Amino acid sequence: MRVLLVDDEEELVSTLSERLDLRGIESDWVTNGEDGLRLALENDYDWIVLDMKMPGIGGLETLQAIKRRRPSTKIIVMTGHSSSQDREAGLRAGAQHYLLKPIDVEDLIARMHQVQETEVS
Amino acid sequence: MSLWSGIRPPFWDKAETQGAESLNYRRLWKVTFGAAVAVSLLPLVLLSLINFYQFEKQYELQRGELVGEIQRLVSNTRLQLTDFLNERQSALSYVVQENSFEQLSDHRHLNRIFVNLRRSFGGFVDLGLIDSEGAHRAYVGPYALEGHNYKEEDWFKEAQMRGLHISEVFMGHRNVPHFVIAVKHEKDDGSFHILRATINTARIQDLLSGISLRPASDAFLVNQAGVLQTPSRLYGAVLEVFPLHLPKEAKQVEVRDFSDLGKQLIAGFARVQGSPFTLVLLKQPAVLLEKWSLLRINLLLLVVASAVAILAVTFKGTTSLITRLYQADQRRSAVLHEIEYTNKLASIGRLAAGVAHEINNPIAIINEKAGLLRDLVRAREDSAQKEKYLKSLESILGSVKRVSAVTHRLLGFARHLDVKVEQIHLDLLIQEVLDFLGKEAQYRNIGITVTIPPDIPSIESDRGQLQQVFLNILNNALAAVHDGGQINIAVFRRGPDRVAVSIADNGAGIAAEHVQRIFEPFFSTRSDKGGTGLGLSITYGIVRKLGGDIEVESALGEGTTFTVTLPVRRPQ
């Protein structure tokens, strides 16, 4: 499984990447929406984990741009707010899951597997 | 007192307790009422006074005319009475002068004269001749008076002295009122005799009864002692007493007001010259001027009725006007306060959200770093330190969870200030609210129980607004209970479409007279402890806006139960 992590907090995203590596999940990380969009289009990721609140191109715009070009891309959005607006906007734009920060890495992996298993079955 | 408490305007006692910028409604009411009454009543009072003055003038004029009429009537009647007496006196004088003592002593001669007198003048009852010794020498008439001696009687002495005597009225043997005229004739040798005639008062009574027949009139004769000489319509038969003190000499007609027998009377008097009689004429002005009095009374009644009507209508109108103004001001004030309160909450919410958001990112980093460390430590071989590291890391991660729970709650609370309808599980919502208040309850050792049956459906409502509702009610409950008290929350169904949440405390309770008013804006029993009196008013407004209802039951010293009923589906 190959995952792209996009969050403006470098400390957060790099650490999360390292923790996924420890669990055998290959991951790349970037700290803004533009890089996230570029990498998402250049590579073939199984999952993209996207922060909703970022300077520059925000999480929602990045999500919409990726989905326009590659509708099959699977995306999990995360945010510091438990705002139902953010959640609904993310899910409406095509995200498969919504997670509240701080996230539990086991929970993140469980959700990725859950959707994959649903697809397989 | 009870009448006043029934009609007292609702703002009457509020005037002094309101803030400086608010109106003094009681004063405003007084000024408005006073001005309206003055403007309405002044013309009426002025008009009435003018009318009253004119009526008084007219009344006096009428009374003046009445007095004039009395004077004329008394004067004319006296003249007629004087003529009556003079005629008979002159006739007797003529008889006694033209006939000698001897002629008059002749019974047949005297009888002839008597018959002539009766025929010419009328009223003569008898005729007698008395000599200078007082002996009745001859007599014609119904009584056997011949031989009777009058020497010692007063009338004889007076006739002897003055040459003439007219007696007061007396009843006589036949019980018929009459009086006596005695005329003396003195001869050249100094000897004298007296011709004495008894006169019936019927002719005088006829004359006076003609006057008495006029409306509200009474005419009669009295003697100097006030004894009736002729019958009176008001005072009765002959020889009854007329109570009014009479002037000794009333050569001119005198008119006097007096009241007797419960009546206001005007009396005219005149002495009948040469006799003991005084003519009295009484008139009742009240009867004669009744038309004028009636007009005056009617006018007075009209003025009083109009004044009462004006006062009543003005009172009602002014009270209604000022009450509406007062209520509008109350509503405006409540809305302003509610806006202020909501803005304050929103500001606090935004501030809390900002802080929470700023904290949340570092917390997320700590969470990841601690998580990575735990992953790394777990990968190492077992050692004494490994367990210690893992314990510390679990503790860090546990604390991170607690902090993030707080920040999420703050963020959630701030976010819910916007109106948004969603599916709400009441158990979760109540737990969220209790999370805010749990610490206070814990410190004060207050027990809180929540009873929610499993079949309670989720409801369509606004999360933030409901949080505020239960936060307000629970805050009140916490303020009401003593340390160690109890608050019981229960959720139950109320019919197929409604769900109710009851919050019961065993605190101080609310007085019965306050229970009715606790949802009114600015009503607070805790104003001295910083209560704004808006919490429950806002709560009530929110519950109504959400299509629900709120009830309160309370008993002093036993506690209070608030029950919020909410629709399962949000009304359109």
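Residues numbered from 1 in each chain as written. Chains lettered and ligands numbered in written order. Predicted model: local features only at pLDDT ≥ 70, side-chain atom pairs only at ≥ 80, totals over all residues.

Peer 1: Honestly, the overall build of chain A in this entry has me stumped. Any pointers?
Peer 2: Regarding its fold elements, chain A presents five helices and five strands. For chain A, the α and β elements follow one another from N to C terminus as β-α-β-α-β-α-β-α-β-α. The buried share among the 121 residues of chain A stands at 41%. Once local pairs closer than 6 in sequence are excluded, the contacts in chain A between residues at least 24 apart make up 56%. (Helix = DSSP H or I, 4+ residues; strand = E, 2+ residues; numbered from the N terminus. Buried ≥ 20, exposed ≤ 12 C-beta atoms within 10 Å, placed from the backbone. Contact = placed C-beta atoms within 7 Å.)

Peer 1: Just checking my understanding: could you explain the overall build of chain B for this structure?
Peer 2: Scanning chain B from N- to C-terminus turns up 13 helices and 16 strands. Counting every position in chain B, which comprises 572 residues, the buried fraction comes to 27%.

Peer 1: Mind showing me how you'd approach the environment of V255(B) here?
Peer 2: All names here are of chain B. Along the chain, V255 turns up in strand β7 (residues 254–260). In this structure V255 comes out as partly exposed when scored by C-beta crowding, with 16 C-beta atoms within 10 Å. Residues V255 and G68 lie 187 residues apart in sequence; the distance between their C-alpha atoms is 9.4 Å.

Peer 1: Whenever I open this one, the confidence of the model for chain B confuses me. Can you help?
Peer 2: In low-pLDDT segments, the atomic positions of the prediction should not be examined closely. Residue and element names in this part refer to chain B. Summary statistics for chain B give a mean pLDDT of 84 and a share of 91% for residues scoring 70 or more. When pLDDT is averaged over each helix and strand of chain B, the minimum, 71, is found for helix α7 (residues 285–288) and the maximum, 95, for strand β14 (residues 498–505). Of the regions scoring below 50 in pLDDT, residues 16–20 engages in zero contacts with residues more than four places distant in sequence or in other chains. ipTM for the predicted complex: 0.88, alongside a pTM of 0.45. (pLDDT = per-residue confidence, 0-100.)

Peer 1: Looking at this model, I keep getting lost on helix α13 (residues 535–545) of chain B. Mind explaining?
Peer 2: Two residues of an α-helix separated by three or four positions point the same way, owing to the 3.6 residues in each turn. A large share of α13(B) lies buried, amounting to eight of its eleven residues. Trailing α13(B) by a residue or two, G547(B) shows a phi angle of about 85°, which is positive.

Peer 1: Help me out: how do you make sense of the sheet that holds strand β8 (residues 263–271) of chain B in this one?
Peer 2: Sheet strands line up and pair through hydrogen bonds in the backbone, either parallel or antiparallel. Residues and elements named next belong to chain B. With antiparallel pairing, four strands are arranged side by side in an open sheet as β6-β9-β8-β7. Strands at the two margins of the open sheet, each flanked by one partner only, are β6 (217–222) and β7. In this sheet, neighbouring strand axes are inclined to one another by 25° on average, regardless of whether the strands run parallel or antiparallel. Alignment of β7 against β8, held across seven bridges, turns out to be antiparallel. Each residue of the ladder has a partner; that of S259, found in β8, is Q264. Together, β6 and β9 (278–283) form the strand contacts of helix α6 (residues 202–212), whose direction differs from that of β6 by roughly 150°. (Pairing = 2+ DSSP bridges. Axes fitted to C-alpha atoms, helices over the stretch in contact; angles between N-to-C directions.)

Peer 1: What's the story with the interface of chain B and chain A in this structure? I'm lost.
Peer 2: Listed per partner, the contact involves 19 residues of chain B and 17 residues of chain A. Ranked by residues supplied to the side of chain B that touches chain A, first place goes to helix α8 (residues 290–379) of chain B with twelve residues. Along the lines of polarity and charge, the residues of the side of chain B that touches chain A split into six nonpolar, eight polar and five charged. (Nonpolar A, V, L, I, M, F, W, Y, C, P; charged D, E, K, R; others polar.)

Peer 1: Before we go on, may I ask you to explain unusual backbone geometry in this structure?
Peer 2: Note: most peptide bonds trans; most residues except glycine with negative phi. That bond from K101(A) to P102(A) is cis: its omega, -5°, falls within 30 degrees of zero. By secondary structure assignment, the location of P102(A) is in the loop between β5 (97–100) and α5 (105–120). A positive phi angle, close to 80°, is found at L239(B), a residue other than glycine. Here L239(B) lies in the loop between β6 and β7. Classification of L239(B) as partly exposed rests on a count of 15 C-beta atoms within 10 Å. In this structure, N445(B) is a non-glycine residue whose phi angle is positive, near 60°.

Peer 1: Could you clarify how one ought to interpret the packing of helix α2 (residues 33–42) of chain A against helix α3 (residues 59–69) of chain A in this entry?
Peer 2: Relative placement of two packed helices is described by the angle separating their axes and the distance separating the axes. Residues and elements named next belong to chain A. Relative orientation of the contacting elements α2 and α3 amounts to 20°, with a least axis distance of 10 Å. Classed by the angle they form, the pair α2 and α3 counts as roughly parallel. Seen from above, α2 lies across α3 with right-handed handedness. On the side of α2, the interface is formed by G33, G36, L37, A40 and L41, while α3 contributes G59, E61, T62, A65, I66 and R69. Broken down by class, the residue content of the contact of α2 with α3 amounts to five nonpolar, four polar and two charged. (Parallel < 35°, antiparallel > 145°, perpendicular 65-115°, else oblique. Left-handed = near helix turned anticlockwise from the far one by under 90°.)

Peer 1: Looking at this model, I keep getting lost on helix α4 (residues 107–120) of chain B. Mind explaining?
Peer 2: All names here are of chain B. Look at α4: 20 Å from first C-alpha to last across 14 residues, which is about the 20 Å you get at 1.5 Å a residue. Along α4, the residues classified as buried are L110, I113 and F114. Down the axis, α4 shows its buried residues gathered within 105° of arc, on one side only. Those residues of α4 that are exposed and angled more than 90 degrees off the buried face are R108, R112 and R119. Next to the buried residues of α4 lie α2 (25–98), α3 (101–105), β1 (124–131) and β2 (136–140). Positive phi appears at G122, one or two residues downstream of α4, with a value of about 75°. (Expected span 1.5 Å × (residues − 1). Arc of directions from axis to C-beta.)

Peer 1: Got a minute to help me understand the sheet that holds strand β4 (residues 74–79) of chain A in this structure?
Peer 2: Residues and elements named next belong to chain A. Read from one edge of the open sheet, five strands run β2-β1-β3-β4-β5, paired in parallel fashion. Only two strands of the sheet have a single partner each, and these edge strands are β2 (26–30) and β5. Across this sheet, the average inter-strand angle for adjacent strands is 20°, counted without regard to direction. Both β4 and β5 contribute to a ladder of four bridges, which runs parallel.

Peer 1: Where do I start with the environment of Q97(B) in this structure?
Peer 2: Of note, Q97(B) is situated in helix α2. A tally of 11 C-beta atoms within 10 Å means that Q97(B) is categorised as exposed.

Peer 1: Sorry if this is basic, but what is going on with the packing of helix α10 (residues 426–443) of chain B against helix α11 (residues 463–480) of chain B here?
Peer 2: All names here are of chain B. With their axes 9 Å apart at the nearest point, α10 and α11 run at an angle of 35° to one another. Here the hand of the crossing between α10 and α11 comes out right-handed. For the pair α10 and α11, contact is made by L429, I430, E432, V433, F436, L437, E440 and A441 and by R463, L466, Q467, F470, L471, L474 and L478, respectively. In terms of residue class, the contact of α10 with α11 is built from eleven nonpolar, one polar and three charged.

Peer 1: I would appreciate a short explanation of the nonpolar core in the present structure.
Peer 2: The tendency in soluble globular proteins is for nonpolar side chains to be buried as a group. Within the largest apolar cluster, 35 residues are counted, with the highest numbers of intra-cluster contacts made by L5(A), I48(A), V49(A), I75(A), I76(A) and V77(A). If you tally residues by element for this core, the top one is α8(B), at five residues. (Core = buried A, V, L, I, M, F, W, Y, C linked by C-beta atoms within 7 Å.)

Peer 1: What should I look at first to understand the pairing of β8(B) in this one?
Peer 2: Residues and elements named next belong to chain B. Inspection of the sheet shows β8 paired to β9 by six bridges, in the antiparallel sense. Considered in β9, the bridge of I266 is made with K283. Between β8 and β9, which pair antiparallel and follow one another directly, the connecting turn spans six residues, one of which, G274, has a positive phi of 80°.

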